[in-house]
Amino acid sequence: QVQLVESGGGLVQPGGSLRLSCAASGSIFSIRVMNWYRQAPGKQRELVASITNGGSRNYADSVKGRFTISKDNVENTVYLQMNSLKPEDTAVYYCNLDGVLLTTTWSEYDYWGQGTQVTVSS
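Given the structure is predicted, the values throughout are model-derived calculations rather than measurements.

**A few points about the nonpolar core**
- Membership of the largest hydrophobic core comes to 31 residues, with the highest contact counts inside it found for W36, L80, M82 and Y93.
- Residues contacting Y93, with those up to four places away along its chain left out, are E6, L20, W36, Y37, R38, V48, F67, L80, M82, G115, T116 and V118.

Next comes the structure, spelled out in structure tokens:
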């Protein structure tokens, strides 16, 4: 099976930066889309950024120009570089891998990370 490990969350001051990582392990052949979601207390989960197998990127309007999603295909890792952080960015951030093709079954599956807390505060 596939396992996801998220890291990089923490406490940062407004205007600061954090880099989140999500590393997938297992018998992975390819991944269609890698996503970052976030969920703040009392709010619904929001898609923050995504990157396709071909490298196409999309961002929520609230993070455009500040966040950058990237990936390492060799390591099956997706990153979220977060700059100019604002208090409203405070949330639990989850990585999501959509359309993970496994070499063991040659079928596609969907996986979620455990979440990592990002807190932006003075």
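**Focus: the state of the cysteines**
- One pass over the structure, following the stated rule, counts one disulfide.
- In this model, C22 is linked to C95 through a disulfide, with the two sulfur atoms separated by 1.9 Å. Judged by the torsion about the S-S bond (40°), the C22/C95 disulfide is right-handed. Taken as a pair, C22 in strand β3 (residues 18-25) and C95 in strand β9 (residues 91-102) lie far apart in primary sequence, 73 residues in all.

Rules of the game
- Residues numbered from 1 in each chain as written.
- Predicted model: local features only at pLDDT ≥ 70, side-chain atom pairs only at ≥ 80, totals over all residues.
- Heavy atoms only, no water.
- Core = buried A, V, L, I, M, F, W, Y, C linked by side-chain atoms within 4.5 Å.
- Buried < 20%, exposed > 50% of the residue type's maximum accessible area, 1.4 Å probe, protein only.
- Contact = heavy atoms within 4.5 Å.
- Disulfide = S-S within 2.5 Å.
- Helix = DSSP H or I, 4+ residues; strand = E, 2+ residues; numbered from the N terminus.

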